[in-house]
Amino acid sequence: MTTSHQNRTNGAWATTVIRSTMWTAMLLGAGIMFAGCVPNTSQEVAMGNDYAQQIERELPIVRDPEVVRYINVLGDSIARVVDDRSLTWHFNVVDQGDINAFAVPGGHIYVNRGLIEKSTNMSELAGVIGHEIAHVTQRHSMKQMAAAQRANAGMSIGCIFAPSICQGAAGAGVQVLAQAGFAKFSRDDETEADRFGVKYVTRSGIDPRGMPSMFRILLAERQNNPSAVEGFFASHPIEESRIQTTEEEIAKLDKVVLSSLSRDSPAFQAFKRRLASLPRTPARR
């Protein structure tokens, strides 16, 4: 099996895992959202923990202590200056070569090995993490699920209170919710996550110019090796306008402050070397 084919297989498998995880979580959360309300923080955390447990059983997660320590130190350095809900954040490296990252409600962030390998400095990876943190802090997945629930309220509420009368319909209703939960974010959500991501990494003392820099890397990769980034672009629509959006946010910053922020570190480069030295998890067949 070629590397590119293996990456596509892994990416498709990851998508299947996430969708099945959302199916399970939506069954658990149907009672929470029967009125189409956005779950509160404790409900979100409980649902997110359930997603994360299944994801981490199914996806190949890098368990090397040095890699785990670094990604959590970097992630926590950003999350601690933005979190106003006392979330417990968890950062993981997924041992897959395709370029992707995603957030699970409640504070679980996953970054693919392939994305880390493409980043050239610490600020580029930090920009991705800041963006994913923003999806959680702005509760984009929770709002999507609540909106989907409202759209399917007639079917779903009936099934909650009288499941015996709509077994087939219940499955269809939950299927819609499951597909909505981790569907690609809207352009407005992505723009909002970009704007907050710039603020978050800046507050943590990291140069936000890594975010548009990483976008340029991803756009170049789409031209040269589209299969490697198809998962990322499916869930994170990127256009040149997003580079402009982040650069406009960065232009608002004081130039003296901007020049004082960290762009790279020996610890990040050591982290990349350590990750590169680890054998890859074999693809599932």
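Summarised in this report is the structure supplied together with it.

Definitions and cut-offs
- Residues numbered from 1 in each chain as written.
- Predicted model: local features only at pLDDT ≥ 70, side-chain atom pairs only at ≥ 80, totals over all residues.
- Heavy atoms only, no water.
- Phe/Tyr/Trp six-rings, centres within 6.5 Å; stacked < 30°, edge-to-face > 60°.
- Helix = DSSP H or I, 4+ residues; strand = E, 2+ residues; numbered from the N terminus.
- Buried < 20%, exposed > 50% of the residue type's maximum accessible area, 1.4 Å probe, protein only.
- Pairing = 2+ DSSP bridges.
- Axes fitted to C-alpha atoms, helices over the stretch in contact; angles between N-to-C directions.
- Contact = heavy atoms within 4.5 Å.
- Polar contact = N/O pair within 3.5 Å; in protein donor to acceptor, adjacent residues only side chain to side chain.
- Salt bridge = Lys/Arg side-chain N within 4 Å of Asp/Glu carboxyl O.

Time to look at the packing of aromatic side chains. The description of two aromatic rings rests on the distance between their centres and on the angle between their planes. The tally for this structure, following the rule as stated, stands at six aromatic pairs. Ring centres of phenylalanine 268 and phenylalanine 271 lie 6.1 Å apart, and the angle between their planes is 45 degrees; on these two criteria the pair is classed as tilted. Of this pair, phenylalanine 268 and phenylalanine 271 both sit in helix H14 (residues 266–277), three residues apart, which is roughly one turn of the helix. For the pair shown, phenylalanine 268 and phenylalanine 271 are each scored as buried. Here the aromatic residues Tyr70, Phe268 and Phe271 are joined through ring pairs into a cluster of three or more.

The strand order across the open sheet built from three strands is S1-S3-S2, with neighbouring strands paired in mixed fashion. This sheet does not close on itself; its edge strands, each paired only once, are strand S1 (90–94) and strand S2 (101–104). The mean angle between the axes of side-by-side strands here comes to 20 degrees, regardless of whether they run parallel or antiparallel. Both S2 and strand S3 (residues 108–112) contribute to a ladder of four bridges, which runs antiparallel. Pairing of alanine 103 across the sheet is with isoleucine 109, part of S3. Running over the sheet, helix H2 (residues 41–58) touches S1, S2 and S3 and is turned about 30 degrees from S3. Contacting S1, S2 and S3, helix H5 (residues 122–137) crosses the sheet at an angle of about 30 degrees to S2.

With that out of the way, let us pick up the environment of glutamate 117. Structurally, the position occupied by glutamate 117 is in helix H4 (residues 113–118). In this structure glutamate 117 comes out as partly exposed when scored by relative accessible area, which is 33%. Between the C-alpha atoms of glutamate 117 and lysine 272, which are 155 residues apart in sequence, the distance is 7.0 Å. Contacts of glutamate 117, omitting those with residues within four sequence positions, involve Lys272 and Arg280.

Moving on to the side chain of glutamate 249. Note on placement: glutamate 249 falls in helix H12 (residues 240–251). A polar side-chain atom of glutamate 249 sits 2.5 Å from a polar atom in the side chain of arginine 195. With sequence-adjacent residues up to four places away left out, glutamate 249 is seen in contact with Arg195, Val198 and Lys199.

Here we take up the pattern of salt bridges. Tallied over the full model, the rule gives 15 salt bridges. Of the charged contacts, one joins aspartate 207 and arginine 209 as a salt bridge, the two residues approaching to 2.7 Å between their closest N and O atoms. Classification of aspartate 207 by relative accessible area gives buried; the value is 2%. In this structure, the salt-bridge partner of arginine 216 is glutamate 247, at a minimum N-O distance of 2.7 Å.

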